[in-house]
Amino acid sequence: MSQPTLDQFLACPAEAVAAVAPQGVIFAAGGTRRSAALSGVAPDSTDYVRLSRERMVDCFARFYRLGVRHLYTSLLRPGQIDEVGPYREQLMRWVVWGLTGPEALADYRRHGWRVRLIGAGGLPELEEAAHTLVEATPDTGGPTLWFHAAATRSALWQMMLATALAGQARTQAELIRAIYGEDVPPARLQIGFGKPLVTNDIVPLLLYEETQCYWVQRPGYDLDELMIRRIIYDSIYLRSTWVQDKSSRYAEISEHQALWESRAVLGVGRRVGGFWYPDHGQEVEP
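Residues numbered from 1 in each chain as written. Predicted model: local features only at pLDDT ≥ 70, side-chain atom pairs only at ≥ 80, totals over all residues. Heavy atoms only, no water.

Visitor: Quick rundown of the packing of helix H4 (residues 46–65) against helix H7 (residues 102–111)? Include the residues and the values.
Guide: Across the interface, H4 lies against H7 with an axial gap of 11 Å and an inter-helix angle of 15°. For the element pair H4 / H7, the angle class is roughly parallel. Here H4 and H7 pass one another in a crossing that is right-handed. On H7, the residues touching Arg50, Arg53, Val57 and Ala61 of H4 are Glu103, Ala104, Asp107, Arg110 and His111. Among the residues making up the contact of H4 with H7, the classes are represented as 3 nonpolar, 1 polar and 5 charged. (Axes fitted to C-alpha atoms, helices over the stretch in contact; angles between N-to-C directions. Helix = DSSP H or I, 4+ residues; strand = E, 2+ residues; numbered from the N terminus. Parallel < 35°, antiparallel > 145°, perpendicular 65-115°, else oblique. Left-handed = near helix turned anticlockwise from the far one by under 90°. Contact = heavy atoms within 4.5 Å. Nonpolar A, V, L, I, M, F, W, Y, C, P; charged D, E, K, R; others polar.)

Dropping the structure here:
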């Protein structure tokens, strides 16, 4: 489709969005306990786990409806394992239930998703769950949901290095094929939450190519379709600024001089209770 206006893109049929949407997307949700607390649900309760799983499935379905074919997301991170208290004591049981419980498997079948788990080595409970997913969600031509687990901050690095040193891969594409068992597209888009950061314990760095990154500030899986469309529009149409012939690119630069002399720093924020929150476009004093 030719470049639409933002309003047109937000209102067009899902099929039109799917025609330009990236095939591979990293979605690094965060703040699920915060989201539960805002809904009046105790963040260390079974109700929290059930609510988060239901919201997660609904959120993933929005991505697939808009044309994403491979969604890469984190299942378990080292920071969760390092916690103490009631949440940590129940964590592994909750993770396995949310991944392969009867409700989860029924949702995968209903949506026609193939679901796979990467990085389960060294976590016996998750190794069994990974096998369950292969048997329960065969390839039927639908989209694929790739969960990633990292017990330590170096776990995914070690997996990549071990695979490469075993002689199974010498290029990015070969390494992807060796780890994922097939050719999957690198992620052209990443949507994270909270603090702008990239870390290897969410997904392997081999999935990054020229990846456009966004960090939403609404916690949990409450990412509605309009927000996803807005992000896709920005990544496809507004950020595509490269041109081969740059001879006329700077003719009007002086008209926007104030913008390029701004001292605004994206990523500067403040503490709000026990959390960090961005000050949008805050200028840093000289």
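Moving on, there is more to tell.
Visitor: Explain the packing of aromatic side chains to me, using residue names and the numbers behind them.
Guide: Here a ring pair, both rings aromatic, is described through the centre-centre distance and the interplanar angle of the planes. One pass over the full model with this rule turns up 12 aromatic pairs. For the ring pair Phe27 and Phe63, a centre distance of 5.2 Å and an interplane angle of 45° mean the geometry is tilted. Residue Phe27 is located in strand S1 (residues 24–27), and its partner Phe63 is located in helix H4; the two are separated by 36 residues in the primary sequence. Judged by relative accessible area, which is 2%, Phe27 ranks as buried. The class of Phe63 is buried, set by a relative accessible area of 1%. Taken together, Phe27, Phe60, Phe63, Phe147 and Tyr221 form an aromatic cluster joined through their ring pairs. (Phe/Tyr/Trp six-rings, centres within 6.5 Å; stacked < 30°, edge-to-face > 60°. Buried < 20%, exposed > 50% of the residue type's maximum accessible area, 1.4 Å probe, protein only.)

Visitor: Run through the packing of H4 against helix H6 (residues 86–100), naming residues and quoting values.
Guide: Where H4 meets H6, the closest approach of the two axes is 11 Å, and the angle between their N-to-C directions is 35°. Between H4 and H6 the crossing geometry is right-handed. Only Tyr87, Trp94, Trp97 and Gly98 of H6 make contact with H4, whose side of the interface consists of Thr46, Tyr48, Val49, Arg50 and Arg53. Here the residues of the contact of H4 with H6 are counted per class, giving 5 nonpolar, 2 polar and 2 charged.

Visitor: Any details on the sheet that holds strand S5 (residues 187–193)? Residues and values, ideally.
Guide: Read from one edge of the open sheet, 6 strands run S3-S4-S2-S1-S5-S6, paired in parallel fashion. Whereas interior strands pair on both sides, the edge strands pair on one side only; in this sheet they are strand S3 (114–118) and strand S6 (208–216). The sheet shows a mean angle of 25° between the axes of neighbouring strands, direction not considered. Here S1 pairs with strand S2 (residues 70–76) via 3 bridges, running parallel. (Pairing = 2+ DSSP bridges.)

Visitor: Break down H6 for me, with residues and values.
Guide: With 15 residues, H6 ought to run about 21 Å at 1.5 Å a step, and its terminal C-alpha atoms sit 22 Å apart, in line with that. At Met92, H6 is deflected by roughly 45°, the largest bend along its length. Listed in full, the buried residues belonging to H6 are Tyr87, Leu91, Met92, Trp94, Val95, Gly98, Leu99 and Thr100. (Expected span 1.5 Å × (residues − 1). Bend = angle between axes of the 7 residues up to and from the residue.)

Visitor: Could you give an account of the side chain of Thr32, with specific residues and numbers?
Guide: Note that Thr32 resides in helix H3 (residues 32–38). Of the polar contacts made by the side chain of Thr32, one reaches the side chain of Tyr48; its length is 2.8 Å. The residues contacting Thr32, other than those within four sequence positions of it, are Tyr48, Ser52, Gly220 and Tyr221. (Polar contact = N/O pair within 3.5 Å; in protein donor to acceptor, adjacent residues only side chain to side chain.)

Visitor: Lay out the pattern of salt bridges with the relevant residues and their values.
Guide: All told, the structure shown has 14 salt bridges when counted by the stated rule. With its nearest N and O atoms 2.9 Å apart, the salt bridge here joins Arg188 to Glu209. Here the residue Arg188 occupies a position in strand S5, and Glu209 occupies one in strand S6, the gap between them amounting to 21 residues. For Glu209, a relative accessible area of 42% translates into the label partly exposed. For Asp279, the salt bridge identified is with Arg270, shortest N-O distance 2.7 Å. Assessed through its relative accessible area of 19%, Asp279 is described here as buried. (Salt bridge = Lys/Arg side-chain N within 4 Å of Asp/Glu carboxyl O.)

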